[in-house]
Amino acid sequence: RTIQKGGPLYNEGNKQGCYVLYLDAARIVMGQEKIKKSLIGERLEQAVEEASELGEKEQWGEAAWVLRHAFDEILGDNDKDNPVGRRRHTLIWEGLNNDGDSWQDAHIS
């Protein structure tokens, strides 16, 4: 859902809004105990650091894309060469949100 809401924001010219939405979602996910030391957590941490540096320079579009690429990589579980994505389903079924929902739905109502 985060991507479903962020994409239109970006396309409507609200690159800062998209960046903030993606950044908030990534931080929420990174705060989950089962994510912190996982491949997903490592990838998100890297993306958040890079995007935050761009955000400090008000390069909202570039920052949003850094996070979006990280999300796409994590969600790309069909890519056999992608160890982050391959672990996605395993982590979700271990109960990331204690209710079985996928992590990308964590904070968007």
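This text follows the structure it describes.
Everything in this summary refers to the structure shown in the same document.

Calculation rules
- Residues numbered from 1 in each chain as written.
- Predicted model: local features only at pLDDT ≥ 70, side-chain atom pairs only at ≥ 80, totals over all residues.
- Heavy atoms only, no water.
- Core = buried A, V, L, I, M, F, W, Y, C linked by side-chain atoms within 4.5 Å.
- Buried < 20%, exposed > 50% of the residue type's maximum accessible area, 1.4 Å probe, protein only.
- Helix = DSSP H or I, 4+ residues; strand = E, 2+ residues; numbered from the N terminus.
- Contact = heavy atoms within 4.5 Å.
- Expected span 1.5 Å × (residues − 1).
- Phe/Tyr/Trp six-rings, centres within 6.5 Å; stacked < 30°, edge-to-face > 60°.

1. Examining the nonpolar core
Within the largest apolar cluster, 22 residues are counted, with the highest numbers of intra-cluster contacts made by Tyr-19, Leu-44 and Leu-67. If you list the elements that add at least two residues to this core, you get helix H2 (15–30), helix H4 (39–56) and helix H5 (60–75). When near neighbours in sequence (up to four residues on either side) are disregarded, Leu-67 contacts Tyr-19, Tyr-22, Leu-23, Ala-26, Ala-47, Val-48 and Ala-51.

2. Here's the deal with H2
Spanning 16 residues, H2 covers 22 Å between terminal C-alpha atoms, matching the ideal 22 Å at 1.5 Å per step. Taken together, the buried positions of H2 are Cys-18, Tyr-19, Leu-21, Tyr-22, Leu-23, Ala-25, Ala-26 and Val-29.

3. Description of the packing of aromatic side chains
A full pass over the atoms with the stated rule returns 3 aromatic pairs. Ring geometry for Tyr-10 against Trp-65: centres 5.9 Å apart, planes inclined by 75°, an arrangement best described as edge-to-face. Highlighted residues: Tyr-10 in helix H1 (residues 2–11) and Trp-65 in helix H5, separated in sequence by 55 residues. The partly exposed category is assigned to Trp-65, whose relative accessible area is 37%. For the pair Tyr-22 and Phe-71, a centre-to-centre distance of 5.4 Å together with 75° between the ring planes defines the contact as edge-to-face. Of the two residues, Tyr-22 sits in helix H2 while Phe-71 sits in helix H5, which places them 49 residues apart along the sequence. With respect to burial, Tyr-22 and Phe-71 carry one shared label: buried.

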